[in-house]
Amino acid sequence: LSDFLAVDRPGDALAWFAKELKRFPLDRSQRRPLVGVAGDIYTRIHSFGNRNLFHRLEALGLEVWPAPFLTDSAGFGFRREIDWAMDERRYKEAAGASYLSMRKEWELMRVRYQLGLRVERAAEPGYKDVLAMATPYVDRNANETVLLNVAKMVDFASRGAHGIINAISFHCMLGTVSASLTERIRKDHDNIPILTLVYTGKDSSEMETKLEAFAHQVKAFAESHPDESQTRSWLPSFNFGGSSQ
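In this text the structure is predicted, and so the values were computed from the model without any measurement.

The rules we used
Residues numbered from 1 in each chain as written. Predicted model: local features only at pLDDT ≥ 70, side-chain atom pairs only at ≥ 80, totals over all residues. Heavy atoms only, no water. Helix = DSSP H or I, 4+ residues; strand = E, 2+ residues; numbered from the N terminus. Expected span 1.5 Å × (residues − 1). Buried < 20%, exposed > 50% of the residue type's maximum accessible area, 1.4 Å probe, protein only. Arc of directions from axis to C-beta. Pairing = 2+ DSSP bridges. Right-handed = clockwise from strand over helix to strand, strands pointing away. Phe/Tyr/Trp six-rings, centres within 6.5 Å; stacked < 30°, edge-to-face > 60°. Lys NZ or Arg CZ within 6 Å of the ring centre and 35° of its normal.

A look at helix α2 (residues 10–21)
Step number 1: Spanning 12 residues, α2 covers 16 Å between terminal C-alpha atoms, matching the ideal 16 Å at 1.5 Å per step.
Step number 2: Taken as a whole, α2 has its buried residues at G11, A13 and A18. One side of α2 holds all its buried residues, which, seen down the axis, span an arc of 160 degrees.

Laid out in structure tokens, this is it:
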């Protein structure tokens with residue numbers, strides 16, 4: 001794997017990953033309650049930043065649905081730059097952003113081809129979908145990270161998650177803004193359990209208690225929503241990240 005990455009051959013690296021995934025049998029007969037993990041870009045995915053959050057949730061009998069790392073930010077940023085550049089008649093910059101957006105979509109097709117159906121819920125909402133989901137809670141010209149995080153929590157709630165975690169680092173301003181909006185998101189989506197976890201770099205019994213209480217709420221929500229679809233995906237969008245619906 002490292003040999004592929006060292007010589008800039010990510011396609012071969014993905015093929016290796018896909019081959020390795022096939023070694024693990026899938027059992028879809030019993031589904032655990034599904035929890036989407038949003039938050040700031042580092043804390044939400046890094047095991048050190050979130051104190052092994054994914055493993056802790058799995059130990060509590062839940063399935064983890066992580067948000068993407070940089071792909072959502074890159075795709076949204078390209079499309080937003082196209083809009084702003086066109087509005088300001090900066091056509092050269094708009095053309096450059098359009099090329100990058102097309103290149104990103106092409107690479108995304110390669111990723112989907114390599115991973116096939118081994119990864120559920122891999123597709124993500126497009127640029128217009130993100131704005132539509134976020135703007136009821138935050139201005140469309142707000143910070144990109146806030147927009148994407150808010151939209152991702154709404155996306156989780158709309159696509160069958162039984163609970164949502166907003167994992168942020170201590171004193172993260174953008175994460176704090178997102179946290180202030182979770183109550184409205186919860187009320188707008190049938191009171192889905194949403195928990196904001198603020199990480200300071202140290203474990204605490206309080207954090208464990210919060211996770212246990214959250215897991216109980218998630219399981220209760222799942223029992224009351226047995227027919228929620230967990231596999232609905234956004235269709236691939238190749239119009240520079242436009243609406244995929």
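Topic: the pairing of strand β1 (residues 34–39)
Step number 1: Across the 6 residues that make up β1, a large majority, 6, are buried.
Step number 2: Sheet topology places β1 next to strand β2 (residues 63–66); 4 bridges connect them, and they run parallel. Within the sheet, the bridge partner assigned to V37 lies in β2 and is P66.
Step number 3: Running through helix α3 (residues 53–59), the crossover from β1 to the neighbouring parallel element β2 is right-handed.
Step number 4: Relative to strand β3 (residues 163–169), β1 is paired through 5 bridges, and the arrangement is parallel. Counted as the bridge partner of G39 is A167 from β3.

Regarding the packing of aromatic side chains
Step number 1: For the structure shown, the criterion picks out 2 aromatic pairs.
Step number 2: With centroids separated by 4.9 Å and ring planes inclined at 70 degrees, the aromatic side chains of W65 and F156 adopt a geometry described as edge-to-face. One end of the pair, W65, is in strand β2; the other, F156, is in helix α7 (residues 144–158), and 91 residues separate them in sequence.
Step number 3: Classification of W65 by relative accessible area gives buried; the value is 3%.
Step number 4: With a centroid separation of 5.1 Å and an interplanar angle of 45 degrees, the aromatic rings of F76 and Y127 are classed as tilted. Of this pair, F76 sits in helix α4 (residues 71–87) while Y127 sits in helix α6 (residues 127–134), and the two are 51 residues apart along the sequence. Y127 carries the same exposure label as F76, and that label is buried.
Step number 5: Over the aromatic face of F48 sits the side chain of R51, whose NZ or CZ is 5.8 Å from the ring centroid.
Step number 6: Stacked on the ring of F156, the Lys or Arg K152 has its end atom at 4.9 Å from the ring centre.

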